[in-house]
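Residues per chain are reported as follows:
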Amino acid sequence: GGGLVIAIDGPSGSGKSSTAKGVARARELSYLDTGAMYRAITWWMLDNGIDVADAAAVAEAAARPVITVGTDPSAPTIEVDGADVAGAIRADGVTGSVSAVSAVPEVRELLVARQREIIAEACATTAGIVVEGRDITTVVAPDAPVKLFLTASAEARAQRRSREVRSSDVAATQEALARRDRLDSSRSVSPLTRTDDATELDTTGLSLDEVVALVVKLADEAQ
Ligand code: C5P
C-alpha cells in the first residue's frame, strides 16, 4: 500500500498523543500509541507478580501476554488477553514501572515487530497512520516521510500532565516526568533521541489546534 506514515517522538507531556490523534482525525489516518503497548505489557507483568526490576524475568515472560491495539484515532483501544486495560495502564504503578520494562531488549523486539505489522496493515487498508512514541523516528519507522520530535518546557509538560491525571501537585508531576524522561533517554536500547532528519517542534506556547495545523501542513507538503 502507499499509505502515509507520520512518525512522532518526544518526551512525556510534549503533546504527542493529542497531536497524533488530531492529525490522524484531520487526514483520516489510523493512529498508534506505542506507549500504550509498553504500558500494557507492564500492567501484565505487575498483575502476574513479575518483579519488573528483574530484567531476566521480564524477558522470559515478555511473549506471554497477547496485546491488541485498536487504531481508530477517535476511539483507540488497548487490550491484554482480551481484557480492556485502557484505564488500568494509566495507574501510577504502571507509570512508575514502565521505563524499567521498556528498557528490556526482548520486550522491545516483540513490540517493535508488532508495531511494524500494525503500520503495514494500516498502510494497506487506510490512507496511512500516525505513530507516536520514543523510538518511532529512529527504530520503528526510520523511513517515514514525516518525522517529528515534539518538545515543550518542563513546566508546560508538567502542567499538561497534571491536568490529564487531575492532579493539583504540579511539582510532583514534574519530578515524576523528569525521572521517566531521564530513564527513557539514558537506556542502552533505543533511547529517546532526536535524529537530524526529524523536525523539532517546540509546543510550549502553542495551542493543540496550532500544533495539529502545523503537522498537517508538513504532512501535506510531504505527499
Ligand atoms: O507515551 P507514554 O508516556 O504513555 O509511554 C510510556 C512509557 O513507555 C515511556 O515512558 C517509555 O518508557 C515507554 N515507551 C518506549 N518506547 C515507545 C513508547 C513508549 O520505550 N516507543
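Residues numbered from 1 in each chain as written. Predicted model: local features only at pLDDT ≥ 70, side-chain atom pairs only at ≥ 80, totals over all residues. Heavy atoms only, no water.

- In the annotation of an unreviewed UniProt entry, the chain is listed under the name Cytidylate kinase and assigned to Actinorugispora endophytica.
- In the Sequence similarities (unreviewed entry) part of its UniProt record, the chain is described as follows: "Belongs to the cytidylate kinase family. Type 1 subfamily." (UniProt positions renumbered as here; feature names shortened; annotations may be inferred.)

## Observations concerning the site of the ligand
Turning to step 1, where the next piece is worked out: The full set close to the ligand counts 15 residues, and Arg-39, Arg-108, Asp-135, Asp-184 and Arg-187 are the nearest of them.
Turning to step 2, where the next piece is worked out: The side chain of Ser-102 places a nitrogen or oxygen atom 2.9 Å from an oxygen atom of the ligand.
Turning to step 3, where the next piece is worked out: Here an oxygen atom of the ligand and a side-chain polar atom of Arg-180 are 2.8 Å apart.
Turning to step 4, where the next piece is worked out: Taken by itself the ligand offers 450 Å² of open surface, and the protein chains cover 98% of this.
Turning to step 5, where the next piece is worked out: Those elements that provide at least two residues to the shell around the ligand are helix 2 (34–47), helix 4 (92–102) and helix 8 (170–186).
Turning to step 6, where the next piece is worked out: Element by element, the count of residues in the shell around the ligand is highest for helix 2, at 4 residues.
Turning to step 7, where the next piece is worked out: By residue class, the composition of the shell around the ligand is 2 nonpolar, 5 polar and 8 charged. (Near = heavy atom within 4 Å. Polar contact = N/O pair within 3.5 Å; in protein donor to acceptor, adjacent residues only side chain to side chain. Areas by Shrake-Rupley, 256 points an atom, 1.4 Å probe, with all protein chains shown as cover. Helix = DSSP H or I, 4+ residues; strand = E, 2+ residues; numbered from the N terminus. Nonpolar A, V, L, I, M, F, W, Y, C, P; charged D, E, K, R; others polar.)

## Overview of the pairing of strand 6 (residues 128–133)
Turning to step 1, where the next piece is worked out: Of all 6 residues making up strand 6, 6 are buried, and the element is well covered by its neighbours.
Turning to step 2, where the next piece is worked out: Burial of strand 6 is two-sided: the residues Gly-128, Val-130 and Glu-132 facing one way and the residues Ile-129, Val-131 and Gly-133 facing the other way are all buried.
Turning to step 3, where the next piece is worked out: When strand 2 (residues 30–33) meets strand 6, the two strands line up parallel, connected through 4 bridges. Considered in strand 6, the bridge of Ser-30 is made with Ile-129. (Buried < 20%, exposed > 50% of the residue type's maximum accessible area, 1.4 Å probe, protein only. Pairing = 2+ DSSP bridges.)

## Quick look at the packing of helix 4 against helix 8
Turning to step 1, where the next piece is worked out: Orientation of helix 4 relative to helix 8, taken along the N-to-C sense of each, is 5 degrees, at an axis distance of 9 Å. If you check the angle between helix 4 and helix 8, you find them roughly parallel. Taken together, the residues of helix 8 that come into contact with helix 4 (itself represented by Thr-95, Gly-96, Val-98, Ser-99 and Ser-102) are Arg-179, Arg-180, Leu-183 and Asp-184.
Turning to step 2, where the next piece is worked out: Class assignment for the residues of the contact of helix 4 with helix 8 results in 2 nonpolar, 4 polar and 3 charged. (Axes fitted to C-alpha atoms, helices over the stretch in contact; angles between N-to-C directions. Parallel < 35°, antiparallel > 145°, perpendicular 65-115°, else oblique. Contact = heavy atoms within 4.5 Å.)

## Topic: the UniProt feature "domain: Cytidylate kinase" (unreviewed entry) in the chain
Turning to step 1, where the next piece is worked out: The sites that carry the UniProt feature "domain: Cytidylate kinase" (unreviewed entry) are, in the present numbering, residues 6–219.
Turning to step 2, where the next piece is worked out: Summarising residues 6–219: 51% helix, 16% strand, and an end-to-end C-alpha distance of 7 Å.

## With respect to the packing of helix 7 (residues 154–164) against helix 8
Turning to step 1, where the next piece is worked out: Where helix 7 contacts helix 8, the axes come no closer than 9 Å and their chain directions differ by 110 degrees. One way to sum up the angle between helix 7 and helix 8 is to call them roughly perpendicular. In this structure, helix 7 crosses over helix 8, and the sense of that crossing is right-handed. On helix 8, the residues touching Ala-154, Glu-155, Arg-157, Ala-158, Gln-159, Arg-161 and Ser-162 of helix 7 are Val-170, Thr-173, Gln-174, Leu-177, Arg-180 and Asp-181. (Left-handed = near helix turned anticlockwise from the far one by under 90°.)

## Focus on the UniProt feature "binding site: ATP" (unreviewed entry) in the chain
Turning to step 1, where the next piece is worked out: Within this numbering scheme, the UniProt entry marks Gly-10, Pro-11, Ser-12, Gly-13, Ser-14, Gly-15, Lys-16, Ser-17 and Ser-18 as carrying the feature "binding site: ATP" (unreviewed entry).
Turning to step 2, where the next piece is worked out: Inspection of the secondary structure assignment puts Gly-13 in the loop between strand 1 (4–9) and helix 1 (16–26).
Turning to step 3, where the next piece is worked out: With residues near it in sequence (within four places) discarded, Gly-13 still touches Arg-157, Arg-160 and Arg-161.
Turning to step 4, where the next piece is worked out: Looking at the element boundaries, Ser-18 is found in helix 1.
Turning to step 5, where the next piece is worked out: Judged by relative accessible area, Ser-18 falls into the partly exposed class, the value being 33%.

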